[in-house]
Amino acid sequence: MQTLTQAPVLARFGYAVSDPTRARVLLALSEAASYPSDLADSLGVSRQSMSNHLACLRGCGLVVAVPDGRRTRYELADARIGHAITDLINVVLAVDPACCGPDGDVA
């Protein structure tokens, strides 16, 4: 494993939240740890898709898999990630609608 700080951390975080499903997973995990099947059901995605998104988030270092008997529970890798998510979702932006789509995609 490699340890990252500062700009590379922001880049990984930015990549992770660039996908709406991964952003929703991080929001859900900022509230409470969860199991992949429960996340898939609550977010309305397939279990295979959830598995892929969780693998990406694990690879970015944002979530960890915690063995729980025969199951695996996912949680944020660091409590500060939850605080950062809370801070970010409370930011109010003045945006140019010609620049970005409603979900943040660059036009």
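Below or above, wherever it landed, is the structure these notes cover. Since the model is a prediction, treat every value here as computed from it, not as a measurement.

About the criteria used
Residues numbered from 1 in each chain as written. Predicted model: local features only at pLDDT ≥ 70, side-chain atom pairs only at ≥ 80, totals over all residues. Heavy atoms only, no water. Salt bridge = Lys/Arg side-chain N within 4 Å of Asp/Glu carboxyl O. Buried < 20%, exposed > 50% of the residue type's maximum accessible area, 1.4 Å probe, protein only. Axes fitted to C-alpha atoms, helices over the stretch in contact; angles between N-to-C directions. Helix = DSSP H or I, 4+ residues; strand = E, 2+ residues; numbered from the N terminus. Parallel < 35°, antiparallel > 145°, perpendicular 65-115°, else oblique. Contact = heavy atoms within 4.5 Å. Nonpolar A, V, L, I, M, F, W, Y, C, P; charged D, E, K, R; others polar. Pairing = 2+ DSSP bridges.

Quick look at the pattern of salt bridges
Taken as a whole, this structure holds 5 salt bridges when the rule is applied. In this structure, D68 and R73 form a salt bridge, with 3.6 Å as the shortest nitrogen-oxygen distance. Take R73: its relative accessible area is 22%, and that puts it in the partly exposed class. The partner of D78 in a salt bridge is R80, and the shortest N-O contact between them spans 2.7 Å. Judged by relative accessible area, D78 falls into the partly exposed class, the value being 27%. Each of D68, R73 and E75 takes part in a single network of salt bridges with overlapping partners.

Remarks on the packing of helix α2 (residues 20–31) against helix α4 (residues 47–59)
Angle between the axes and distance between the axes are the two parameters that describe a pair of packed helices. Interaxial distance between α2 and α4 falls to 10 Å at its minimum, and their mutual angle equals 75 degrees. As judged from the angle between their axes, α2 and α4 are roughly perpendicular. In this structure, α2 contributes T21, R22, V25 and L26 to the contact, and α4 contributes M50, H53, L54, C56 and L57. Residue classes in the contact of α2 with α4 are distributed as 6 nonpolar, 2 polar and 1 charged.

Considering the pairing of strand β1 (residues 63–68)
As paired elements, β1 and strand β2 (residues 71–76) share 6 bridges and run antiparallel to each other. Bridge pairing links V64 to E75 in β2. Count of turn residues in the β1/β2 antiparallel hairpin: 2 residues, of which G69 carries a positive phi of about 65 degrees.

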